[in-house]
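One letter stands for each residue in the lines below.
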Amino acid sequence: MCARRGLPLIRASRGSAQSAFVTRVALFYAGILGADIRFDDESGIFVASGLRGGFARGGTTLGGVYLTRRNTTRSVLRHEAVHADQWARYGIVFGLLYLREELRHRGPRNRFEIEAGLEDGGYRTRVKARQ
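Cut-offs used in this document
Residues numbered from 1 in each chain as written. Predicted model: local features only at pLDDT ≥ 70, side-chain atom pairs only at ≥ 80, totals over all residues. Heavy atoms only, no water. Buried < 20%, exposed > 50% of the residue type's maximum accessible area, 1.4 Å probe, protein only. Helix = DSSP H or I, 4+ residues; strand = E, 2+ residues; numbered from the N terminus. Pairing = 2+ DSSP bridges. Axes fitted to C-alpha atoms, helices over the stretch in contact; angles between N-to-C directions. Contact = heavy atoms within 4.5 Å.

Glancing now at the pairing of strand β4 (residues 65–68). Side chains V65 and L67 project from β4 onto one buried face, and the interleaved Y66 and T68 project onto a second face that is buried too. Inspection of the sheet shows strand β2 (residues 45–49) paired to β4 by three bridges, in the parallel sense. Following the sheet pairing, F46 is matched in β4 by V65. Where strand β3 (residues 59–62) lies against β4, four bridges are found, and the strand directions are antiparallel. Following the sheet pairing, T60 is matched in β4 by L67. Between β3 and β4, which follow one another and run antiparallel, lie two residues, and G63 among them has a positive phi close to 65°.

Okay, the sheet that holds β4 next. An order of β1-β2-β4-β3 is seen for the four strands of this open sheet, with the pairing classed as mixed. At either margin of the open sheet sits one strand with a lone partner, and together these are β1 (36–40) and β3. Going from strand to strand, the sheet's axes swing by 20° on average, the running direction of each strand aside. This element, helix α2 (residues 17–32), spans β1, β2, β3 and β4 of the sheet and lies at about 30° to β4. Contacts from helix α3 (residues 74–90) reach β1, β2, β3 and β4, with the element oriented near 35° to β3.

Structural data, given as structure tokens:
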């Protein structure tokens, strides 16, 4: 299985060495938790589903691995792929940056969630009524 993950690992980590490290750790973690792990070609990330816990909200992306119970719609995977891009852009420090942002601006006010697309991520957005 590990040999078959070569090219998908590079794609999922967006060619970033730091993201590849986080992706490997996340794959190991998902394996320990008994996840069903597959590579999604369209989003370019690993999807670790069937988990009963070990992630936040409806799912969490670590490096190029999306951890979830069963929240695997096309729109959610599009959203999570942007988080994989963020891991590649910021490297290992992204986890801390995200946590700091989440403590300051929860959920739909988090700038990383906004960048990933609130609607795709399943966040309810308020639409101001026209006056």
